[in-house]
Amino acid sequence: MPPLAVLDAPANDACACDRPTSAKLSIDAALARAAAWASPVTDVDFLPLGAAAGRFLAHSVRARLSSPAFDRSAVDGYAVRAGAGLEAGERLPVIGRIAAGARGTRLREGEVARIFTGAPIPPGADAVVMQEDVRQDGNAIVLARPVHAGAHIRPAGEDVALGDRLAEGGARVDARLIALLAAQGIAMVATRRRPRVAVLSTGDEVAEPGAPLGPAAIYDANRPMLLALLEVSGCETVDAGIVRDDPREQAQRLSMLAERCDLIVTSGGASVGEEDYAARAAHLAGGDAEPLAMALKPGKPALVGRIGAAAFLGLPGNPVSALVVFSLLGRAMLARLAGSTPSPPQGLPVPLAEPLSRKPGRTEFVPARLLRENGMVRLALLSSNSARLQPLVDADGFAEIPADVAHAAPGTPAAFHAFAGLLG
C-alpha cells in the first residue's frame, strides 16, 4: 500500500467532528474527564511473585535490604589494598582466591587475592585490579598501571539502598519488576484484584462472527478486538454480546452488567444522531453519561460516565475510531481502576517518508508503517479511513499528527506510537 499524500476523510466521520475546535476538548482534558468517572479497585489479592505478572500493585513497595548487600567486585582480577595509590611495576604476592559466593580473609598491606566478578571484597581491600592490567610472576602479580582506591568495586547499595521505594502503588507488575522484587527476597506481593470489564456491542446491523449474515448486516469486529485488548491489559473480561438498537433493552443489559463489573465498554451509538442510543440507555439504567467532543480524528464524540458502581465508556462504532478512543480514554480509565495516574501516550519522533497534506483542526492518529532503508527509519502513513481494518494489520502503529499541522515535508518528525506499547 503506497504512503498517502492526502489523508482520507470518510463522509460519515465528518459531520459531528468538523465543528469549530474551540468547542472540543484537548486530549489531555478528555483523559482527565474520563478517568474521573472511574474509581480504583480496592480489593487486594496476595499472590506468589511468579503469578503476579500483569497485575497492578496495591501498595508501594520499599526495599527490605540494600542491593548489593555488600561491596563486590565488578570484574575478574585481584583485590588489593591501594591506600593512597599503587604505582605500575609493584610486585604483590597472591595470598588467596575468592569466587562469587565465598568470602576471603583480611588483606594486609602489600597482599592481593584473586577475585572474580560478583565476589565480596575481602576485609582490608579497597580496590580491584583487572586481570588484563597485571603480569603473572610466579605466586605474585606485577602491576601494569597505577591503581587507586575504589577502582572496579560496586559498593553496597549501589543499585538499591535500604528503604528505597522500588515501585509505586498502581504500577503494573512485569518481568522487570519481578526481577527487582525477587532480588529483594520478596516471594508474595499484594496486587489489586483484576478489573472486571464488560464489552457490549450495539446495533441492529451487527451480527456475531460465524452466524448467518443478513443483506444489510455486518459482523461484529469491535467486541472481539476490545476483549483481546483488555485481556492483554490484565483485565478480567466479560463478553456481554450484542444488543439491538432499543434503549430500554440496552438499559436492562447495562444494569445487569453494572452489578458485577468495574467498567462497561460499549461500541456503537455513542454519537448524537437519531439512531444513537447509548447515552439514553445509560440514563435509563440509572446512570449518568456525558459526551466528550474531542479534537481528535478518528473518533466521534465518545461517552463517559457511571452506572451504579461501574464506570462507563461508550465508543464509536467504526473500528479504527473505537480502537483510537479506547487506546486513549479506555487506557486512562483502566489506569484509574488500577490506582495509578493516567497520562497521554508518548510517541517517539520518526521522520515522515512522504509529504503530508490534510485539513487541520484535530489531532489525528493515522495507521503507519515503519520503512527501513539504508540504515534509516521512515514513517509511511496508510489510510486514515476509520471504517477500514486492513490498514491496521499493515501498520506497525499510529502516527500522531498535531491539530495545527496542515502540511509537512518528507523528513518532518511525527510522533510514532507502536502498537506493542499503545495496545499492550
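As the structure is a computational prediction, the values presented were derived from the model and not from experiment.

Draft legend 1. Region of interest: the overall build of the protein chain. Across its full length, the protein chain carries eight helices and 28 strands. For 424 residues, the compact-globule formula gives about 22 Å, and the C-alpha radius of gyration of the protein chain, at 30 Å, lies well above that figure. Considered along the principal axes of its C-alpha atoms, the protein chain spans approximately 90 × 50 × 45 Å. The buried share of the protein chain, reckoned over its 424 residues, is 47%. A separation threshold of at least 6 residues defines the contact pool for the protein chain, and within that pool the share at least 24 residues apart is 74%. A total accessible area of about 19500 Å² is found for the protein chain, and carbon and sulfur atoms account for 53% of it. Averaging the positions of the 42 positive and the 45 negative side-chain charges in the protein chain gives two centres separated by 4 Å.

Draft legend 2. Local environment of the pairing of strand β28 (residues 413-418). The pairing of strand β22 (residues 348-351) with β28 spans four bridges and is classified as antiparallel. The residue of β28 that forms the bridge with proline 349 is alanine 415. The sheet contact formed by strand β26 (residues 397-401) and β28 spans four bridges and is antiparallel. Bridged to glycine 397 within β28 is alanine 418.

Draft legend 3. Spotlight on the side chain of glutamine 250. Within the secondary structure, glutamine 250 is located in helix α4 (residues 247-258). In this structure glutamine 250 comes out as buried when scored by relative accessible area, which is 4%. Those residues in contact with glutamine 250 that sit more than four places away from it in its chain are Thr202, Val243, Arg244, Asp245, Tyr277, Ala278 and Ala281.

Draft legend 4. Representation of the sheet that holds strand β4 (residues 77-80) in the model. Read from one edge of the open sheet, six strands run β7-β4-β6-β5-β9-β8, paired in mixed fashion. Bordering the open sheet on either side are β7 (127-130) and β8 (134-137), each of which pairs with just one other strand. Taken pair by pair, the neighbouring strands of this sheet meet at an average axis angle of 40°, ignoring direction.

Draft legend 5. The arrangement of the confidence of the model for the protein chain in detail. Scored by pLDDT, the protein chain has a mean of 91; 93% of the residues are at 70 or more. Here residues 1-22 is modelled with pLDDT under 50, and outside its nearest four sequence neighbours on either side it reaches 55 contacts, counting other chains as well.

Draft legend 6. Region of interest: the nonpolar core. Counting 46 residues, the largest nonpolar core has Leu263, Leu313, Leu329, Met333 and Phe398 as its most contacted members. Of all elements in the fold, only α1 (27-36), β13 (196-202), α3 (222-232), β17 (263-267), β20 (302-307), β21 (310-315), α6 (319-337) and α8 (419-422) reach the threshold of two or more residues within this core. Looking at which element gives the most residues to this core, the answer is α6, with twelve residues. In this view, leucine 263 contacts Arg196, Val197, Ala198, Ala310, Ala311, Phe312, Leu313, Met333, Leu334 and Leu337; residues no more than four positions away in its chain are not counted.

Draft legend 7. Structural detail: the environment of proline 68. Inspection of the secondary structure puts proline 68 in the loop between β2 (61-62) and β3 (72-73). For proline 68, the contacting residues outside a window of four places in its chain are Arg154, Pro155, Ala156, Gly157, Glu158 and Asp159.

Draft legend 8. Main features of the pattern of salt bridges. The tally for this structure, following the rule as stated, stands at 18 salt bridges. When the shortest N-O distance is used, the salt bridge between arginine 196 and glutamate 236 registers 3.2 Å. Residue arginine 196 is located in strand β13, and its partner glutamate 236 is located in strand β16 (residues 236-243); the two are separated by 40 residues in the primary sequence. Its relative accessible area of 22% is what places arginine 196 among the partly exposed residues. Residue glutamate 236 is classed as partly exposed on the basis of its relative accessible area, which comes to 31%. A salt bridge links arginine 223 to aspartate 239, with the nearest nitrogen and oxygen atoms 2.5 Å apart. Placement of the pair is arginine 223 in helix α3 and aspartate 239 in strand β16, with a sequence separation of 16 residues. The class of arginine 223 is buried, set by a relative accessible area of 3%. Look at aspartate 239 and you get partly exposed, because its relative accessible area is 48%. Look at the salt bridges and you will find they share partners, linking Glu208, Asp220, Arg223 and Asp239 into a network.

Draft legend 9. Structural detail: helix α2 (residues 175-182). Along α2, the residues classified as buried are Leu177, Ile178 and Leu181. For α2, the angular spread of the buried residues around the axis is 105°, confining them to a single face. Seen from the open side of α2, the exposed residues pointing more than 90 degrees away from its buried face are Ala175 and Arg176. Packed against the buried residues of α2 are β2, β11 (165-167) and β12 (188-192).

Procedures and definitions
- Residues numbered from 1 in each chain as written.
- Predicted model: local features only at pLDDT ≥ 70, side-chain atom pairs only at ≥ 80, totals over all residues.
- Heavy atoms only, no water.
- Helix = DSSP H or I, 4+ residues; strand = E, 2+ residues; numbered from the N terminus.
- Rg over C-alpha atoms; globule rule 2.2 N^0.38 Å.
- Buried < 20%, exposed > 50% of the residue type's maximum accessible area, 1.4 Å probe, protein only.
- Contact = heavy atoms within 4.5 Å.
- Areas by Shrake-Rupley, 256 points an atom, 1.4 Å probe, with all protein chains shown as cover.
- Lys, Arg positive; Asp, Glu negative; His and termini not counted.
- Charge placed at Lys NZ, Arg CZ, Asp CG, Glu CD.
- Pairing = 2+ DSSP bridges.
- Axes fitted to C-alpha atoms, helices over the stretch in contact; angles between N-to-C directions.
- pLDDT = per-residue confidence, 0-100.
- Core = buried A, V, L, I, M, F, W, Y, C linked by side-chain atoms within 4.5 Å.
- Salt bridge = Lys/Arg side-chain N within 4 Å of Asp/Glu carboxyl O.
- Arc of directions from axis to C-beta.

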